[in-house]
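# Secondary and tertiary structure notes
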Amino acid sequence: MIYVVDEPGGEVVGWSEADGELSEVVWGKLSEPAKELFTVLMNEPGVRFSGDELSSRLGLPNGKHGVAGVLGWPMRHCRSVGRAWPWAWEYPEGKSAQYWMTEEVADLFRHARDAQGQLDVIKNNPWSE
């Protein structure tokens, strides 16, 4: 299957349950830190994590800035298959960014992870399933 790279002005759409193959493509391109971060979000869909909390859980350097750095390439990988990034985020009033995944998107990426034989990618992490 050929995937069209997002061109300037091209449309990027949200993830749906029909995007199983695309989620596998993206999962296969993720770095280990990105897979670990996605796994935290997938294991607890709907739970909002601050950048500092994610950084602490995953042992990422540079706190919340490390989380933003880890998400840079996954964002590009998603855009390359014409999809928006799979995490939701917001800046609650007076707070740092919070990140989470919806149940639907978490299911897609859990299936992608499991299809590639990676049932638990978080090493030595007490919060992993």
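Predicted, not measured: the structure shown is a model, and the values here were computed from it.

Reading the values: the criteria
- Residues numbered from 1 in each chain as written.
- Predicted model: local features only at pLDDT ≥ 70, side-chain atom pairs only at ≥ 80, totals over all residues.
- Heavy atoms only, no water.
- Buried < 20%, exposed > 50% of the residue type's maximum accessible area, 1.4 Å probe, protein only.
- Helix = DSSP H or I, 4+ residues; strand = E, 2+ residues; numbered from the N terminus.
- Arc of directions from axis to C-beta.
- Contact = heavy atoms within 4.5 Å.
- Pairing = 2+ DSSP bridges.
- 1 Å grid on protein atoms, 1.4 Å probe; cavity = no way out; pocket = protein on both sides within 12 Å on 5 of 7 lines; lining within 4 Å.
- Points joined across faces, edges and corners; volume = space filled by probe spheres on them.
- pLDDT = per-residue confidence, 0-100.

With that settled, the discussion passes to helix 4 (residues 63-70). When helix 4 is considered as a whole, its buried residues turn out to be G66, V67 and V70. Projected down its long axis, helix 4 shows its buried positions confined to an angular sector of 100 degrees, all on one face. Turned more than 90 degrees away from the buried face of helix 4 sit H65 and G69, all of them exposed. Each element contacted by the buried residues of helix 4 is listed here: helix 2 (32-43), helix 3 (51-58), helix 5 (72-80) and strand 3 (98-100).

Taken together, 3 strands build an open sheet; the order of strands is 1-3-2 and the sheet is antiparallel. The sheet is open, and its two borders are formed by strand 1 (49-50) and strand 2 (88-90), each paired with just one other strand. Pairing of strand 1 with strand 3, which is carried by 2 bridges, proceeds in the antiparallel orientation. The residue of strand 3 that forms the bridge with S50 is Q98.

For the rest of this paragraph, the subject is the environment of Y91. Its place among the elements puts Y91 in the loop between strand 2 and strand 3. Look at Y91 and you get exposed, because its relative accessible area is 57%. Considering only alpha carbons, one finds Y91 and S50, 41 residues apart in sequence, at a separation of 9.5 Å. Dropping the residues within four chain positions of it, Y91 is found in contact with S96 and A97.

Moving on: the layout of surface pockets. Roughly 260 Å³ of volume is contained in the largest pocket. As for the largest pocket, its lining consists of 14 residues, and the residues nearest its centre are A68, W89, Y91, A97 and Y99. Broken down by secondary-structure element, the contributors of at least two residues to the lining of the largest pocket are helix 4 and helix 5. Considering each element in turn, the lining of the largest pocket owes the most residues, 3 residues, to helix 4.

Do not read the predicted coordinates in detail wherever pLDDT is low. For the protein chain, per-residue confidence averages 85 on the pLDDT scale, and residues scoring 70 or more make up 82% of the total. A low-confidence stretch, residues 1-7 stays under pLDDT 50, and its non-local contacts, those more than four residues away or across chains, total 13 contacts. Contacts from residues 124-129, a stretch scored under 50 in pLDDT, to residues over four places away or in other chains number 9 contacts.

For the rest of this paragraph, the subject is unusual backbone geometry. Positive phi, close to 70 degrees, is recorded for N62, a residue that is not glycine. Within the secondary structure, N62 sits in the loop between helix 3 and helix 4. Since its relative accessible area comes to 61%, N62 is described here as exposed.

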